[in-house]
Amino acid sequence: MLLAASAVHARRISPVPDRGPEARTAAYLDRIADSPPRLRIFLQAMPKGADLHNHDGGANYAEDFLRWAAADGLCIAIDSYRVVDPPCDAPGRIPAAGLEYDYPRYSRAIDAWSTRGFEAGVGDPQESGYDRFFATFAAFSLASRHNEGKALAATREQAAADHVAYVELSNGARAAAELARQMGDMDPNDFETLQARLAPMLPGAVATTRAEYDRYEAAAADIDGCGRPVAKPACGVEIRYLYTALRTVPPARVFAQLALGFALAEADPRFVGVNIAAPEHDPVAVRDYALHMRMIAFLKARHPKVALSLHAGELTLGLVPPRDLSFHIRDAVEVAGARRIGHGIDISYEADATALLKKMARDRVAVEINLTSNAVILGVKGRAHPLSLYREAGVPVVLATDDEGVSRTDMTNEYVRAVTEQGLRYGDLKQIVRDGLQYSFLPGAGLWQDRPGGATVAPCRIAATTACAAFLAANPKAAKQRQLERDLEAFERIAR
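Now for a description of the structure that goes with this document.

**Notes on the overall build of the protein**
Check the secondary structure of the protein and you find 21 helices and 11 strands. Its C-alpha atoms give the protein a radius of gyration of 24 Å, within 12% of the compact-globule value 23 Å for 496 residues. Across its three principal axes, the protein shows a C-alpha extent of roughly 95 × 55 × 55 Å. Counting only residues that meet the buried cut, the protein has 53% of its 496 residues in that class. Within the protein, residue pairs in contact and separated by at least 24 positions form 74% of the contacts whose partners lie at least 6 positions apart.

What follows is the structure, encoded as structure tokens:
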């Protein structure tokens, strides 16, 4: 008995080893992993680095569009709940202003402009998630006219609320529509002739687009009070752009959009890369997919410094015939030369998927994972999602929001889902956070010699040196990564 008592006393007075802030933070997440409310509080505060897959327009919420439509005197067509121009007293139309006092119609507008309720099982049983999702853009698009600065400010404010420091926003340009009209019925396979036709028009389109974005950014900065003594936290969020072509129009017009994107990315450092999007299962997109990849390869050869992040594999069995699941990711990587893949859901259906995964891991072709979007649009979630397959193969992955407004989500929710549905823990999330900046298209060299979280580059092996300060000043990517490390250290020091 005396020996047992002595042992108990010894256990009581033995100091608990201090495992360090990172280990304590990881242990705390382990304790709350089965509690989404607690996870929400914890993960809201976690620095998240970057959102590399975020679409303008789709990032904004239906309530924002309704407010902007009301302020601009626009109307709602009550048969389709599309935003339309005045007069609002015409048959079948009602003013957007004051709709909040008519809750049934207000609620129908929110549903028409988002996928609200689809995951909860209360969506329209006659309409699929992907049909509702892609229909929302035509329904609310008129409300974004003349409100681009407000939309940009709202996107940046949401990123700040989620502790996201950097966003690559997928977007387009008005000038692309005029360029596309100039293509007429030209042969879409004759890339040299298409390029020659566009060449004299591109400088003007680039200049026009740059001026437009100057106005959008100035308006957003004014809304958020940037540069004034009391500025919103949103001013600390850096936004750059991925010019995004639409793949569902005639192919010569797609080429015109892409050509403008490559020209913009060379002329304006705000445009860090080129993308292609729109429903991948659309019949035009399916028919022309291989052609689009060859177009991108042609333009990439002429603009080798322009980075590519391409939507590929946003498909699943049943949505298209199996043959159309077998090559999209591979062509994006091997033909077009993509450095990142958006979605990548159909990877297990690719021809020789194992070899493709090995190549993506070896070449560090990152995959942008959009958990809520994939669940709503494709019905792919939980164990059916390929996130674990990519991670096991060593392919870099990042979490992203896709169209957080339309999907009624935010970046914090994507991290919550990663824990509750995919079984990720703090070390996994921290690696994903670091990878977001590592595989971003921010200019300059990175902070890490090899993998994020490993050894730093030689000038910054000792952070507080003149050499490191000079390196960070010359390399925006490394500077953003250094700040992220400081933010993570502060987060891990929080007492829990």
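**Quick word on the pattern of salt bridges**
Counted under the stated rule, the structure contains 32 salt bridges. As a salt-bridge pair, Lys 430 and Glu 22 come within 3.5 Å of each other at their nearest N and O atoms. Taken together, the positions of Lys 430 in helix α19 (residues 426–438) and Glu 22 in helix α2 (residues 21–32) put the pair 408 residues apart, joining distant regions of the chain. Take Lys 430: its relative accessible area is 6%, and that puts it in the buried class.

**Some details on the packing of helix α20 (residues 466–474) against helix α21 (residues 476–492)**
Contact geometry of α20 with α21 gives a least axis separation of 5 Å together with a crossing angle of 115°. On the side of α20, the interface is formed by Phe 471, Leu 472 and Ala 474, while α21 contributes Pro 476, Ala 478, Ala 479 and Arg 482. Class assignment of the residues belonging to the contact of α20 with α21 gives a composition of 6 nonpolar, no polar and 1 charged.

**Quick look at the pairing of strand β10 (residues 366–369)**
Of the two faces of β10, the one holding Ala 366 and Glu 368 and the one holding Val 367 and Ile 369 are both buried throughout. Here strand β9 (residues 340–343) pairs with β10 via 3 bridges, running parallel. Across the sheet, Arg 340 pairs through a bridge with Ala 366, a residue of β10. Following the backbone out of β9, through helix α14 (residues 353–363) and into the adjacent parallel β10, one traces a crossover that is right-handed.

**With respect to the state of the cysteines**
If you walk through the whole model with that rule in mind, you get 3 disulfides. Through a disulfide, Cys 75 is tied to Cys 88; the S-S separation comes to 2.0 Å. Taking the sign of the S-S torsion, -85° for the link of Cys 75 and Cys 88, the bridge is left-handed. On the criterion of sequence distance, the pair formed by Cys 75 in strand β2 (residues 75–77) and Cys 88 in the loop between β3 (82–84) and β4 (93–95) is long-range, its members being 13 residues apart. Here Cys 88 falls in the buried class, since its relative accessible area comes to 17%.

**Remarks on the sheet that holds strand β6 (residues 238–246)**
As summarised here, the arrangement of the 8 strands in space is β1-β5-β6-β7-β8-β9-β10-β11, forming an open sheet in which the pairing is parallel. Edge strands, defined here as strands with exactly one partner in the open sheet, are β1 (50–55) and β11 (397–399). Strand-to-strand twist of the sheet, defined as the mean angle between neighbouring strand axes without regard to direction, takes the value 25°. Strand direction decides the pairing type here: β6 and strand β7 (residues 271–277), joined by 6 bridges, are parallel.

**Digging into the side chain of Glu 404**
One can find Glu 404 in helix α17 (residues 404–407). No salt bridge is formed by the buried Glu 404. Its closest oppositely charged neighbour is Arg 40, at 8.6 Å. Here the side chain of Glu 404 touches Asn 54 through a polar contact of 3.5 Å, side chain to side chain.

**Considering the sheet that holds β3**
The strand order across the open sheet built from 3 strands is β3-β2-β4, with neighbouring strands paired in antiparallel fashion. Among the strands making up the open sheet, the edge pair consists of β3 and β4. Recorded for the sheet is a direction-independent mean angle of 40° between the axes of neighbouring strands. Relative to β4, β2 runs antiparallel, the two sharing 3 bridges.

**Quick word on the packing of aromatic side chains**
Across all of its chains, the model carries 18 aromatic pairs by this definition. Measuring from ring centre to ring centre gives 4.9 Å for Phe 133 and Phe 134, while their planes differ by 90°; the resulting arrangement is edge-to-face. The exposure class assigned to Phe 133 is buried, which follows from its relative accessible area of 2%. Each member of the aromatic cluster is reached from another via a ring pair, and the members are Phe 65, Trp 68, Phe 133, Phe 134, Phe 137 and Phe 140. Seen from the ring of Phe 441, Arg 340 lies directly overhead, with NZ or CZ sitting 4.1 Å from the centre.

The rules behind the values
- Residues numbered from 1 in each chain as written.
- Predicted model: local features only at pLDDT ≥ 70, side-chain atom pairs only at ≥ 80, totals over all residues.
- Heavy atoms only, no water.
- Helix = DSSP H or I, 4+ residues; strand = E, 2+ residues; numbered from the N terminus.
- Rg over C-alpha atoms; globule rule 2.2 N^0.38 Å.
- Buried < 20%, exposed > 50% of the residue type's maximum accessible area, 1.4 Å probe, protein only.
- Contact = heavy atoms within 4.5 Å.
- Salt bridge = Lys/Arg side-chain N within 4 Å of Asp/Glu carboxyl O.
- Axes fitted to C-alpha atoms, helices over the stretch in contact; angles between N-to-C directions.
- Nonpolar A, V, L, I, M, F, W, Y, C, P; charged D, E, K, R; others polar.
- Pairing = 2+ DSSP bridges.
- Right-handed = clockwise from strand over helix to strand, strands pointing away.
- Disulfide = S-S within 2.5 Å.
- Lys, Arg positive; Asp, Glu negative; His and termini not counted.
- Polar contact = N/O pair within 3.5 Å; in protein donor to acceptor, adjacent residues only side chain to side chain.
- Phe/Tyr/Trp six-rings, centres within 6.5 Å; stacked < 30°, edge-to-face > 60°.
- Lys NZ or Arg CZ within 6 Å of the ring centre and 35° of its normal.

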